[in-house]
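Each chain is listed here by its residues.
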There are 2 protein chains.
Amino acid sequence: MNTKYGDYEQTGVTVDLSIFTVNEDRLKAMLVRRAEAPFQGFWSLPGGFLKNGESLDAAAQRVLIEKTGVNDVYMEQLYTFGDPKRDPRSRVITVAYIALIPWQNLPKPESEKVTGLTWVSVDSLPKLAFDHKEIMSYAVKRLRAKVSYSNIVHGLMPRQFRLSELQSMYECIIDDKLDKRNFRKRMLATGLLKETGKKDLAGAHRPAMLYQFKTTEIVFF
Amino acid sequence: MNTKYGDYEQTGVTVDLSIFTVNEDRLKAMLVRRAEAPFQGFWSLPGGFLKNGESLDAAAQRVLIEKTGVNDVYMEQLYTFGDPKRDPRSRVITVAYIALIPWQNLPKPESEKVTGLTWVSVDSLPKLAFDHKEIMSYAVKRLRAKVSYSNIVHGLMPRQFRLSELQSMYECIIDDKLDKRNFRKRMLATGLLKETGKKDLAGAHRPAMLYQFKTTEIVFF
DNA sequence: CATACTTAGTGTTCATTGTACACTTAGTAT
DNA sequence: ATACTAAGTGTACAATGAACACTAAGTATG
């Protein structure tokens, strides 16, 4: 396990992902069932070892596609966790990422039994393997904070949406209610939205204008 | 070099530190001269390999003490850089940290020739080894941003100080002038400062009250 | 010892931003 | 035709941020 340097241990490097979506008015995270020891049968964050010649971002992308089938989503590095005892087998440090996926973009969920995957509200997480609870807490904290000073919710919205849907998205991430008129004023004032000209005729009520983001980039207010 | 897993390379893990101080009204970073290849003779960030059983934070602390002789300073993890080509020898990922040290707390600098250490204004950095320029840019960006929404400057101030010194600290980090009255109002309004009751009688002018921070913790506004 | 010099210390006005709050509109359903 | 539902809109007030100039309390000098 150790190199010729003695003091300098060979270290495993993994990436672990906090993949978020919003569904049924709940902020949810993807968990995968561990098939093997340690923590066999426990839920954990999707992750994997860094491969030969692979950048950290690329590794995170790879894990994302493996588990969700989805590409091209918002992703950012969160933090690196390196407690020497965090993996009982050997020294492994993990570079944690946050990813955001609009629920609509996810393939229809198959049975949890088959896939070993599930989406769980971040407020009612089960016991998680390793230090994944800590990682997840940190990710939720970062996401909640970032919502208030950036347009990061973009990563969770479908391409076109009603302003009321956008508002709900904010509300369920920050877990608080917002004033409709002030919300609309602020959002339109950012200049990041544009009207599509289309209307959403669903429902027995006045149809809503559909909006979309002008740019994919994350902007800080 | 490779493990039995083939795809999964053994990876070196280092920590690299952007250590900042302010002196002569300049935000400066510590650089160390590389004694060995690669990048022999180049300036680089202080850093080192993660040791056996050592947490990332502990490794960063160790490097800090080795290079500065100083303990107990503000330090935070910055970002993890993992481009597969960032070290020409082999796969090494590095966890970057930011550290802040009040200039007054540093031991008297010996000759650069002897120590291989120097402090350079972040606006006039020389060519750096590896991807250290990129790391440093990111660190400066983070520090400049954080100054405006936290009391992180605490990490750069001596224990007691005049409000005008505090203002200068802000000004030279954000590289802009601030209004004296508004600055004082805002600072005192945070409630994070307390008067020491002492006066600074240096200089041929009205003596200044000395202040200190009530708490060591970093607070976000 | 009177005067000049230097930095410390202090308030107010105005502009901008944020917050609270209720009714009309345009569709569908009965 | 009427009821129902979510969409869409404006204003008054409070809080915050920004611009701005003089007096105070020491030391240094002639």
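Being a predicted model, the structure only gives us computed values, none of them experimental.

J.: I'd like to hear about the interface of chain A and chain B, residue by residue, with values.
T.: The interface is formed by 26 residues belonging to chain A together with 26 residues belonging to chain B. Interface area for chain A against chain B, summed over the two sides, is near 2200 Å², with a carbon-plus-sulfur share of 51%. Inspection of the chain A/chain B interface yields zero salt bridges. For the interface between chain A and chain B, the tally reads three residue pairs in polar contact (both at pLDDT 80 or more). At the level of secondary structure, the elements contributing two or more residues to the side of chain A that touches chain B comprise helix H1 (56–68), strand S5 (74–81) and strand S6 (92–100) of chain A. Here the element with the most residues in the side of chain A that touches chain B is S5 of chain A; it accounts for four residues.

J.: Outline the confidence of the model for chain A, listing residues and values.
T.: In this model, chain A carries a mean pLDDT of 94, and residues with pLDDT of at least 70 account for 96%. With pLDDT under 50 throughout, residues 1–5 of chain A is counted as low confidence; its partners more than four residues away or in other chains account for seven contacts.

J.: So what's going on with the pattern of salt bridges? Residues and values would help.
T.: Within the structure shown, the criterion is met by 24 salt bridges over all chains. Here glutamate 54 of chain B and arginine 62 of chain B are joined by a salt bridge, their closest N and O atoms 2.6 Å apart. One exposure class covers both glutamate 54 of chain B and arginine 62 of chain B, and it is buried. Here the residues in one salt-bridge network are Asp16, Arg86 and Asp131 of chain A, joined through shared partners.

J.: Which residues make up the packing of aromatic side chains, and what values do they have?
T.: Residues and elements named next belong to chain A. Evaluation of the coordinates by the stated rule reveals 18 aromatic pairs over all chains. When the ring of tryptophan 103 is compared with that of tryptophan 119, the centres are 6.3 Å apart and the planes differ by 80°; the resulting orientation is edge-to-face. Here tryptophan 103, found in the loop between S6 and helix H2 (112–115), pairs with tryptophan 119, found in strand S7 (residues 117–121); they are 16 residues apart in sequence, far enough to count as distant. Residue classification places tryptophan 103 among the partly exposed positions, given a relative accessible area of 27%. Both rings, one in phenylalanine 161 and one in phenylalanine 213, keep their centres 5.4 Å apart while their planes meet at 45°; by these two values the pair is tilted. In this pair, phenylalanine 161 is assigned in the loop between helix H3 (132–147) and helix H4 (163–174) and phenylalanine 213 in strand S9 (residues 208–213), connecting sequence segments 52 residues apart. By the ring-pair criterion, three or more aromatic residues cluster together here, those being Phe39, Phe42 and Phe130.

Basis of the calculations
Residues numbered from 1 in each chain as written. Chains lettered and ligands numbered in written order. Predicted model: local features only at pLDDT ≥ 70, side-chain atom pairs only at ≥ 80, totals over all residues. Heavy atoms only, no water. Contact = heavy atoms within 4.5 Å. Buried area = accessible area lost by both parts, 1.4 Å probe. Salt bridge = Lys/Arg side-chain N within 4 Å of Asp/Glu carboxyl O. Polar contact = N/O pair within 3.5 Å; in protein donor to acceptor, adjacent residues only side chain to side chain. Helix = DSSP H or I, 4+ residues; strand = E, 2+ residues; numbered from the N terminus. pLDDT = per-residue confidence, 0-100. Buried < 20%, exposed > 50% of the residue type's maximum accessible area, 1.4 Å probe, protein only. Phe/Tyr/Trp six-rings, centres within 6.5 Å; stacked < 30°, edge-to-face > 60°.

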